[in-house]
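This is what each chain is made of:
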Amino acid sequence: MSLDILKAKALTCTLCNLATTRTQVVFGEGNENARLMFIGEGPGKDEDASGRPFVGRAGQLLTRIIENGLKLRREDVYIANVVKCRPTVDGLGKKDRAPEADEVASCSPFLIRQIELVQPKVIVTLGNPATRFLLKTGEGITRLRGKWHDYNGIAVMPTYHPSFLLRNGGDSGNTPYKRDVWNDMKLVIDRLGLKSI
Ligand code: SF4
């Protein structure tokens, strides 16, 4: 099955309750042969409205990490989430929340297939839900980040979610969390043989 066919299936999916409150399914996007894949937890308000992953403030920060930090174009990488529809508190569309276990269970076959089809060399998981799902662990991101892990032979680097960075010191200044993410990205640069700045 190609990514296009998989996407077509996702766009009409009603396997979990998030189908009843979403505006659009956010399947994921990027280079189908990407060496680097980013995985977040789920769409937020801007993504739900646009149908594209990581386009809000956190997404703009992720784009800066890709373009200014890794010196790649956003379209060179592949970007997806663990769940494809926006989870909000009580389904009211006001406050975002992490996906529930049953939502992850329903949706994750899409992500697993995306990974199989893209076959990246490196996956960067953004935040706890993506990291815990992929690494099958209950450990938190603070303990897991900065070290290489394995998912079916693919190197996995967990790091903080851009939303977390925005909530903790933002993009400006030299905050400890921002330094951590940069250190994690330097490991990715080395692993992929990218040209560092
Ligand atoms: S979150 Fe995933 S499983 Fe749930 S309805 Fe959306 S696409 Fe289907």
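Refer to the preceding data block for the structure.
Remember, predicted model here, so these are calculated numbers, not experimental data.

Caption draft 1: Quick peek at the sheet that holds strand E6 (residues 154-159). Ordered by their spatial adjacency, 6 strands build an open sheet running E1-E3-E2-E4-E6-E5, and the pairing between neighbours is mixed. Unpaired on one side and paired on the other, strand E1 (29-30) and strand E5 (149-151) mark the two borders of the sheet. As judged from the 3 bridges shared by E5 and E6, these two strands associate in the antiparallel manner. Bridge pairing in E6 links His149 to Val156.

Caption draft 2: Examining the pattern of salt bridges more closely. Across all of its chains, the model carries 10 salt bridges by this definition. Here Glu29 ties to Arg52 by a salt bridge, and the two come within 2.8 Å at their closest N and O atoms. One end of the pair, Glu29, is in strand E1; the other, Arg52, is in the loop between helix H2 (45-50) and helix H3 (57-69), with 23 residues separating them in the sequence. Residue Arg52 is classed as partly exposed on the basis of its relative accessible area of 38%. Between Asp180 and Arg145 there is a salt bridge, and its shortest N-O distance comes to 3.8 Å. Taken together, the positions of Asp180 in helix H8 (residues 176-192) and Arg145 in the loop between helix H6 (141-144) and E5 put the pair 35 residues apart, joining distant regions of the chain.

Caption draft 3: Up close: the site of the ligand. Around the ligand, the surrounding shell consists of Cys13, Leu15, Cys16, Leu18, Ala19, Arg22, Lys84, Cys85, Ser106 and Cys107. Classifying every residue of the shell around the ligand by side-chain character gives 7 nonpolar, 1 polar and 2 charged.

Caption draft 4: Structural detail: helix H1 (residues 3-11). Among the residues of H1, those classed as buried are Leu3, Leu6 and Ala10. Taken down its axis, H1 places every buried residue within 60° of arc, on the same side. At its buried positions, H1 is contacted by strand E3 (78-81) and helix H4 (101-118).

Caption draft 5: The side chain of Asn81, seen in detail. Looking at the secondary structure, you find Asn81 in strand E3. By relative accessible area, which is 2% here, Asn81 ends up buried. A distance of 3.3 Å separates a polar side-chain atom of Asn81 from the backbone nitrogen of Glu41. Among residues more than four places away in sequence, those in contact with Asn81 are Ile39, Gly40, Glu41, Gly42, Pro43, Pro53, Phe54 and Leu111.

Caption draft 6: The environment of Val55, seen in detail. Within the secondary structure layout, Val55 lies in the loop between H2 and H3. Overall, Val55 belongs to the partly exposed group, its relative accessible area being 23%. The spatial distance from the C-alpha of Val55 to the C-alpha of Lys45 is 9.6 Å, given a sequence separation of 10 residues. When sequence neighbours within four positions are dropped, the list of residues in contact with Val55 reads Asp46, Glu47, Ser50, Gln60 and Arg74.

Caption draft 7: Examining the nonpolar core more closely. Counting 30 residues, the largest nonpolar core has Ile39, Ile115 and Ile123 as its most contacted members. Every element with two or more residues in this core is listed here: H1, strand E2 (36-40), E3, H4, helix H5 (128-135) and E6. The dominant element in this core, judged by the number of residues it contributes, is H4, at 6 residues. Setting aside chain neighbours within four positions, we find Ile115 in contact with Met37, Ile39, Pro120, Ile123, Leu134, Tyr151 and Ile154.

Conventions used here
Residues numbered from 1 in each chain as written. Predicted model: local features only at pLDDT ≥ 70, side-chain atom pairs only at ≥ 80, totals over all residues. Heavy atoms only, no water. Pairing = 2+ DSSP bridges. Helix = DSSP H or I, 4+ residues; strand = E, 2+ residues; numbered from the N terminus. Salt bridge = Lys/Arg side-chain N within 4 Å of Asp/Glu carboxyl O. Buried < 20%, exposed > 50% of the residue type's maximum accessible area, 1.4 Å probe, protein only. Near = heavy atom within 4 Å. Nonpolar A, V, L, I, M, F, W, Y, C, P; charged D, E, K, R; others polar. Arc of directions from axis to C-beta. Contact = heavy atoms within 4.5 Å. Polar contact = N/O pair within 3.5 Å; in protein donor to acceptor, adjacent residues only side chain to side chain. Core = buried A, V, L, I, M, F, W, Y, C linked by side-chain atoms within 4.5 Å.

Such coordinate-based values are descriptive only and should not be taken to indicate function.
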